[in-house]
Amino acid sequence: MKKQYFGTDGIRGEVGQFPIVPEFMTRLGYAAGMVLNKSAKPGERCKVLIGKDTRVSGYLLEAALEAGFAAAGVDVMLCGPIPTPGVAYLTKALRLSAGLVISASHNPYQDNGIKFFSANGDKLDDDFEFAIEAELAKPMGCVSAKELGKAFRLDDAAGRYIEFCKSTFPGDLNLKGIKLVVDCANGAAYHTAPHVFHELGAEVISIGVTPDGRNINDGCGATAPDALIAKVKEVNADLGIALDGDADRLQMVDASGRLFNGDELLYVLAKDRLDRGQQLGGAVGTLMTNLAVENAIKALGIGFERANVGDRYVLELLKQKGWIVGGEGSGHLLCLDQHSTGDGTIAALQVLAAMSHNKKSLAQLLDAVKIFPQVLLNVKFKAGYEWKSDPALKSQIAKVENDLKDIGRVLIRASGTEPLLRVMVETQDAQVAMNAAKSIAQLVPTA
């Protein structure tokens, strides 16, 4: 059964366009509140936490959600701008019923969305999302005046989260003598991440820390790292750290300006834990994880599994396997021995700890990983085209897979939102990858 509103990471869209409108958000708060009430213990009053990033639309959506929860008899704690993983942490630490984040992550300010966390700080499972959608199909009601929910302001949310992040860094280490540039993407981490690194001893130069409601992710942050690379070189910093708008993604830059993505950082996290005698079992990437990283992780003597694209699927597979580290090339990195969800600030601390443990630079830690060139072609196909049953296409895909056996990889995916076929080929030779991708793409009947 397909969900009507929830995608792979909550509900997201352009503000002012359904469903990112106040009427729907009020109904969403009410529906979620009613679902929570059904699972509550007798006599227990449900309470949820609502955090947000720095988009101007956050004020509107926050008020609408608050009204919906109050109508369902659910109390609300408001913590203002805070990273998405901060909401996950506080929801669990404060023993709340659920947590909500108002954010569209790395998207521009015109977009916004809602992510839910369970009482344990995990992303909500499919069953809960289906239950909310079932409630949304019913008329909205309201409890009696005596049972209405109340709203509270959690004034020390940022401080609590900062201390939590610091607690994940080894107590016998510090960041003294390290000059860091921290790019907060004018997003939710603007008043948390710089403090974390500074209080652990680093000299911190902050950029992307002047949000105005409209400049989130605008030419800055993990999705636009050129500003960070330039600043690292300008101030002769040792490293640069880039977060996205809700601070659950991480990219890093060294003094030379080399950019390290989530795939490479995943290898660093896995190897460091093995070097310290931690039992891993394996690591989880996604369908898009570079083959060189898979090979390097397997060479460590542990397993490697691929999940569908999306950090929630990485988390699901980690739990299924009983493993603790996973991530995506985009920078979503999960360290389940430190937090229940992906956290850019905590992932950066784990990488810095690995550098300190080994007394090596990031580039030196990645000597064993030579990233394969990856070619991605997006082909717009004709309406009604069934690529999986096209014999010519299937034959060519099989031929390329056979040609690249043991030295490369082919991935064909259809877009979930538009008539596009994504053709990805990676191998050690960039020209071979390009030629192989084109040989597949040219067989797709274009619109």
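Values in this document were obtained by computation on a predicted structure and should not be read as measured data. (Residues numbered from 1 in each chain as written. Predicted model: local features only at pLDDT ≥ 70, side-chain atom pairs only at ≥ 80, totals over all residues. Heavy atoms only, no water.)

Participant: Would you mind going over the sheet that holds strand E8 (residues 203–207) in detail, with residue names and values included?
Facilitator: One open sheet accounts for five strands, arranged E8-E7-E9-E10-E11; its pairing is mixed. Of all the strands in the sheet, the pair left with one neighbour each is E8 and strand E11 (259–260). Sheet analysis places strand E7 (residues 179–183) next to strand E9 (residues 239–243), joined by four bridges and oriented parallel. Counted as the bridge partner of Val182 is Ile241 from E9. Its contacts with the sheet place helix H7 (residues 226–234) against E7, E8, E9 and strand E10 (250–254), and it is angled at close to 155 degrees to E9. Lying on the sheet, helix H11 (residues 344–358) is in contact with E7, E9 and E10; it crosses E9 at an angle near 160 degrees. (Pairing = 2+ DSSP bridges. Helix = DSSP H or I, 4+ residues; strand = E, 2+ residues; numbered from the N terminus. Contact = heavy atoms within 4.5 Å. Axes fitted to C-alpha atoms, helices over the stretch in contact; angles between N-to-C directions.)

Participant: Describe in detail empty space enclosed by the protein, supporting the description with residues and values.
Facilitator: The rolling of a water-molecule-sized probe over the atoms marks out the regions of remaining empty space. Per the counting criterion, the structure on display carries three cavities of 30 Å³ or more. In this model, the largest cavity occupies a volume close to 60 Å³. Residue lining of the largest cavity: Thr8, Asp9, Gly10, Lys115, Phe116, Lys123, Leu124, Glu129 and Arg312, and that is the complete set. Here the residues of the lining of the largest cavity sort into two nonpolar, two polar and five charged. In this structure, the second largest cavity spans a volume of roughly 40 Å³. Taken together, Tyr267, Val268, Lys271, Asp272, Asp275, Ala354, Asn358 and Leu365 make up the full set of residues lining the second largest cavity. Those elements giving two or more residues to the lining of the second largest cavity turn out to be helix H8 (262–275) and H11. With five residues, the top contributor of residues to the lining of the second largest cavity is H8. (1 Å grid on protein atoms, 1.4 Å probe; cavity = no way out; pocket = protein on both sides within 12 Å on 5 of 7 lines; lining within 4 Å. Points joined across faces, edges and corners; volume = space filled by probe spheres on them. Nonpolar A, V, L, I, M, F, W, Y, C, P; charged D, E, K, R; others polar.)

Participant: So what's going on with the packing of aromatic side chains? Which residues, and what values?
Facilitator: The final tally for this structure, using the stated rule, is six aromatic pairs. Their ring planes at 55 degrees and their centres at 6.0 Å tell us that Phe6 and Phe116 sit as a pair that is tilted. Of this pair, Phe6 sits in the segment before strand E1 (11–14) while Phe116 sits in strand E5 (residues 111–117), and the two are 110 residues apart along the sequence. Take Phe6 and Phe116: they sit in the same class, and that class is buried. Pairing Phe381 with Tyr385 gives two aromatic rings, centres 5.8 Å apart and planes at 55 degrees, and the pair type is tilted. For the pair Phe381 and Tyr385, one class covers both residues: buried. Ring pairs connect the aromatic residues Tyr5, Phe18 and Phe24, which therefore count as one cluster. The ring of Phe130 carries Lys3 above its face, with NZ or CZ at 5.7 Å from the centroid. The side chain of Arg312 reaches across the aromatic face of Tyr313, ending 5.9 Å from its centre. (Phe/Tyr/Trp six-rings, centres within 6.5 Å; stacked < 30°, edge-to-face > 60°. Buried < 20%, exposed > 50% of the residue type's maximum accessible area, 1.4 Å probe, protein only. Lys NZ or Arg CZ within 6 Å of the ring centre and 35° of its normal.)

Participant: An account of the sheet that holds strand E12 (residues 282–286) is requested, with residue identities and associated values reported.
Facilitator: Reading across the sheet, the four strands line up as E13-E12-E14-E15 and stay open at both edges, with mixed pairing between neighbours. At either margin of the open sheet sits one strand with a lone partner, and together these are strand E13 (303–307) and strand E15 (333–335). Looking at each pair of strands side by side, their axes are set apart by 15 degrees on average, direction ignored. Bridging between strand E14 (residues 325–327) and E15 involves three bridges; their strand directions are antiparallel. Residue pairing in the sheet places Gly326 in a bridge with Leu334 of E15. Each of E12, E14 and E15 is contacted by H8, which is oriented at about 15 degrees to E15, the strand it contacts most. Packing against the sheet, helix H9 (residues 291–299) makes contact with E12 and E13, and its axis sits at approximately 150 degrees to E13.

Participant: Can you break down the pattern of salt bridges residue by residue, with the values?
Facilitator: Following the criterion strictly, the structure yields 31 salt bridges and no others. The closest approach of N and O atoms between Arg12 and Asp9, which form a salt bridge, is 3.8 Å. Take Asp9: its relative accessible area is 17%, and that puts it in the buried class. For Asp75, the salt bridge is made with Arg45, and the minimal N-O distance between the two is 3.1 Å. Linking Asp75 in strand E3 (residues 75–81) with Arg45 in the loop between helix H1 (22–39) and strand E2 (47–52), this pair joins segments that are 30 residues apart in sequence. Residue classification places Asp75 among the buried residues on the basis of a relative accessible area of 8%. (Salt bridge = Lys/Arg side-chain N within 4 Å of Asp/Glu carboxyl O.)

Participant: Describe in detail the nonpolar core, supporting the description with residues and values.
Facilitator: Formed by 65 residues in total, the largest nonpolar core has its most connected members in Phe197, Ile241, Leu250, Leu352 and Leu362. Those residues within four positions of Ile241 in sequence are excluded, and the remaining contacts are Leu180, Val181, Val182, Asp183, Phe197, Leu228, Leu250, Gln251, Met252, Ala348 and Leu352. With 34 residues, the next largest nonpolar core counts Leu28, Val76, Ala98 and Ile102 among its residues. (Core = buried A, V, L, I, M, F, W, Y, C linked by side-chain atoms within 4.5 Å.)

Participant: Requested: an account of helix H2 (residues 58–71), with residues and values cited.
Facilitator: For H2, spanning 14 residues, the distance from its first C-alpha to its last is 20 Å, which sits close to the expected 20 Å at 1.5 Å a residue. Elements in contact with the buried residues of H2: H1, E2, E3, strand E4 (98–102), E5 and strand E6 (151–153). At the exit of H2 stands Gly73, carrying a positive phi of roughly 80 degrees. (Expected span 1.5 Å × (residues − 1).)

Participant: Lay out the layout of surface pockets in plain terms, naming residues and giving numbers.
Facilitator: Taken as a whole, the largest pocket spans an internal volume of roughly 1500 Å³. In terms of residue count, E1 provides more of the lining of the largest pocket than any other element does, three residues in total. Here the lining of the largest pocket is built from residues that sort into 11 nonpolar, 21 polar and 11 charged.

Participant: Requested: an account of the pairing of E3, with residues and values cited.
Facilitator: Buried residues dominate E3, accounting for six of its seven residues. Judged from the six bridges that link them, E2 and E3 form a sheet pairing that is parallel. By the bridge assignment, Val48 is partnered in E3 with Val76. Once the chain exits E2 it traverses H2 before rejoining the sheet at E3, and the crossover so formed is right-handed. Summarising the sheet, E3 and E6 pair through three bridges and their orientation is parallel. When the bridges of E6 are listed, Met77 appears paired with Phe152. (Right-handed = clockwise from strand over helix to strand, strands pointing away.)

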